Amino acid sequence: MVVDFSPYVRRRCQVAKELGQGVLVLFAASPALRNNDVTYEFRQDSDFYYLTGFDEPDAVLAILGGAEPRSVLLVSPKDPERELWDGARLGVEGARSLGVDEVFPITELEQRLPQLLLDRSHVVCRFGDDSLVDPRLVRALAQARRQARRGAGCPSSLVDVATLVHEMRRYKDSIEVSLLEQAVSISAAAHVAAMQQARPGSYEYEIEALLRATFRARGSERVAYEPIVGSGPNATVLHYVKSRRQMMAGDLLLIDAGCEYGYYAADITRTFPVSGTFSAEQRAVYEIVLAAQQACIEAAAPGVTLDQLHQRATRVLCQGLIDLGVLSGSVEDAESSGSYKRYFMHKTSHYLGMDVHDVGRYFDQGKPRPLEPGVVITVEPGLYFSPEAPEAAAAYRGIGVRIEDDLLIEPDGARVLSQAVPKEAHEVERACRK
Ligand code: GLY
Ligand code: MN
Ligand code: MN
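A quick note: this is a predicted structure, and the numbers were derived from the prediction, not measured. Residues take numbers from 1 onward in each chain, read along the sequence in its written order. Just so you know, chain letters begin at A and ligand numbers begin at 1, following the order they were written in. Residues qualify for local features only when their pLDDT is at least 70, as the model is predicted, and side-chain atom pairs are given and counted only at 80 or more; totals for whole chains, interfaces and linings, by contrast, use all residues. Values shown for side chains rest on all heavy atoms present in the structure; no hydrogens or waters enter the calculation.

**Quick look at helix α1 (residues 6-19)**
Numbered from the N terminus, helices here are DSSP runs of H or I no shorter than four residues, and strands are runs of E no shorter than two. In a helix, the anticipated span is given by 1.5 Å times the number of residues less one. End to end, α1 covers 20 Å across 14 residues, agreeing with the expected 20 Å (1.5 Å per residue, within 8%). Each residue gets one of three labels from its accessible area relative to the maximum for its type: buried under 20%, exposed over 50%, partly exposed in between, using a 1.4 Å probe on protein chains only. Taken together, the buried positions of α1 are Pro 7, Tyr 8, Arg 11, Arg 12, Val 15, Ala 16 and Leu 19. Gly 20 sits one or two residues past α1 and shows a positive phi near 60 degrees.

**Focus: the sheet that holds strand β5 (residues 70-75)**
Whether two strands pair depends on DSSP finding at least two bridges between them. What the six strands build is an open sheet, ordered β6-β5-β4-β1-β7-β8; its pairing is mixed. In this open sheet, the two edge strands, each paired with only one partner strand, are β6 (102-105) and β8 (157-160). On average, each strand axis in the sheet is inclined to that of its neighbour by 20 degrees, with strand direction left out of account. As judged from the two bridges shared by strand β1 (residues 23-27) and strand β7 (residues 122-125), these two strands associate in the parallel manner. The residue bridging Val 23 from the neighbouring strand is Val 123, located in β7. The contact rule is simple, with two residues in contact once any of their heavy atoms fall within 4.5 Å. For helices, the fitted line uses only the C-alpha atoms of the stretch in contact; every axis is such a line through C-alpha atoms, and the angle between N-to-C directions lies from 0 to 180 degrees. Lying on the sheet, α1 is in contact with β1, β4 (60-64), β5 and β7; it crosses β4 at an angle near 55 degrees. Across the face of the sheet, helix α6 (residues 133-148) comes into contact with β1, β7 and β8 while running at roughly 145 degrees to β1.

**Observations regarding a positive patch on the surface**
The residues that make up patches have over 30% relative accessible area and no salt bridge, and they are joined within 9 Å when like-charged or within 5 Å when they are Val, Leu, Ile, Met, Phe, Trp or Tyr. The Shrake-Rupley method, run with a 1.4 Å probe, gives the accessible areas here. Residue values count only the displayed protein chains as cover. Salt bridge, as used here, is a side-chain nitrogen of Lys or Arg placed within 4 Å of a carboxyl oxygen of Asp or Glu. Neither His nor the chain termini are counted; the positive set is Lys and Arg, and the negative set is Asp and Glu. A charge is said to be at NZ when it belongs to Lys, at CZ for Arg, at CG for Asp and at CD for Glu. On the surface, Arg 145, Arg 146, Arg 149 and Arg 150 cluster together into a patch of positive charge. Residue placement: Arg 150 occurs in the loop between α6 and β8. Of the residues examined, Arg 150 reaches a relative accessible area of 70% and is grouped as exposed.

**Focus: unusual backbone geometry**
One non-glycine residue with positive phi stands out, namely Ser 243, at about 50 degrees. Looking at the element boundaries, Ser 243 is found in the loop between β10 (228-231) and β11 (252-257). Even without a glycine there, the phi angle at Gln 365 is positive, about 50 degrees. Note that Gln 365 resides in the loop between β15 (363-364) and β16 (367-368). Its relative accessible area of 80% is what places Gln 365 among the exposed residues.

**Topic: the pairing of β7**
Of the two faces of β7, the one lined by His 122 and Val 124 and the one lined by Val 123 and Cys 125 are each fully buried. Bridge count for β7 against β8 is four bridges, and the pairing is parallel. Each residue of the ladder has a partner; that of His 122, found in β8, is Ser 157. Look down the strands so they point away from you; if the path from the first strand over the helix to the second goes clockwise, the crossover is right-handed. Handedness of the crossover joining β7 and β8 through α6 is recorded here as right-handed.

**Focus on the coordination of the manganese ion (ligand 2)**
Around a metal, the idealised angle for a tetrahedral arrangement of four donor atoms is 109.5 degrees; for an octahedral arrangement of six donor atoms it is 90 or 180 degrees. The coordination sphere of the manganese ion (ligand 2), as far as protein atoms go, consists of Asp 256 (OD), Asp 256 (OD), Asp 267 (OD) and Glu 404 (OE), spread over 2.0 to 2.3 Å. Here the manganese ion (ligand 2) is ringed by six donor atoms whose angles at the metal span 57 to 170 degrees, and the overall shape comes out irregular. Note that water is not among the atoms used; donors are N, O and S atoms within 2.8 Å of the metal (3.2 Å for Na, K and Ca), so sites may look incomplete. All donors of the manganese ion (ligand 2) belong to a single chain; written as a sequence motif, their spacing is D-x10-D-x136-E. Separating the manganese ion (ligand 2) from the manganese ion (ligand 3) is a gap of 3.3 Å, which Asp 267 spans by donating to each of them. One end of the pair, Asp 256, is in strand β11; the other, Asp 267, is in the loop between β13 (264-265) and β14 (268-273), and 11 residues separate them in sequence. One exposure class covers both Asp 256 and Asp 267, and it is buried. Any coordination sphere not matching a tetrahedral pattern (four donors, all angles between 85 and 135 degrees) or a square planar or octahedral pattern (four or six donors, opposite donors over 155 degrees apart, other angles between 65 and 115) is reported as irregular.

**Things to note about the pattern of salt bridges**
Applying the stated criterion to the full structure yields 34 salt bridges. The salt bridge involving Glu 260 is made with Arg 222; its shortest N-O contact spans 2.6 Å. Taken together, the residues span a long stretch of sequence, with Glu 260 in strand β12 (residues 259-261) and Arg 222 in strand β9 (residues 222-223) at a distance of 38 residues. In terms of burial, Glu 260 and Arg 222 fall into one category: buried. The network of salt bridges with common partners includes Asp 45, Asp 47, Arg 126, Asp 129, Arg 169, Lys 172, Asp 355 and Asp 358.

**Examining the side chain of Arg 270**
Structurally, Arg 270 can be placed in strand β14. Polar contacts involving the side chain of Arg 270 include one to the main-chain carbonyl oxygen of Glu 404, which spans 3.2 Å. A distance of 3.1 Å separates the side chain of Arg 270 from the backbone oxygen of Val 421, its partner in a polar contact. Think of a polar contact as two N or O atoms within 3.5 Å of one another; within protein, one of them needs to be a possible hydrogen donor and the other a possible acceptor, and neighboring residues in sequence only count if both atoms come from side chains.

By themselves, these observations are geometric and do not establish any function.
The following block contains the structure:
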């Protein structure tokens, strides 16, 4: 496969421009042990991948700004004995194809990293996240300081990578948008397949298996997060991931599942009746959540804040809870007392990108930040009536509904990337009829 590394070169150039006399240092992700000698599947660190497109562990990227900007990559050297077990590595020669200016073996890190820090005003890096990385960085800084006594300059401050790389990542370029579209399209197909397949008597894990199989069969590398497949009362458990229950006639099934494609995440939720028809109570709750979601989608545009979308969703949900007789008093009472939070306890939106809860600041000097073209968000209101909710009428207890779509903010509004998954109640019922 021919990989186009030009987007990574472009991003590194932008970083270099913004660095001034600084240097950015990023470590690749480290393989994590699961139990004994079994590791979790390796996934590259999102920032590292964003700037390199390189998916091996044991690597370090440095980008140097200034008059002669350059990027330097340290990678695992070729090792036929190890590669026999773990698969081929790019190696020092191979890594030159990534378009970086210099490549060295990672075995030279201790000597190269202090040199890369010399005469730099500041280091843009991540610290406090990885107990293996921090000491290596600190050692390199200490060594650079020692050399500074002999005349060289050394960095006087550490700057969080969030201020630079995460801000870039908040705005998706056209390549990122097409990867997101692909992740969403695969995930949409999996949701539709689940609607067709689930029936009374199915186990949640069968549907989870179908979702995972659909993702992989269509070229997704992995899930973007653990799929939530919650039937009946499990739909009211926000992070239910056990997938153990057998579905019964009359259950709703809430599926929150998205795949990752080319390191970009989809995040979609649908809730549907396993027997193919909503009960009157289920439908009433469903229509309220759908109205809240549609109100947010209509409002999503540059200049609007996620806080405003949340307020909009909350307002519709509060009115709905009052109409159902679950809450009493006015919408304003419910909003100010927070009484609705027993049934809607999470936020309406988050950024979406390489990470499912993607990076980028939500606030600017304490104020919610307006959306801008290129930002991708989810809109995901829900209502959850725990089986033990004594205040709710018995008919609503055990009902959980969430509807979640992925939106790209465009200059004049928002485009729903996930609209291929049925959402209107009658469309959902049609998709579920076997
Ligand atoms: N699936 C995680 C979320 O909806 O935020
Ligand atoms: Mn979700
Ligand atoms: Mn989400």
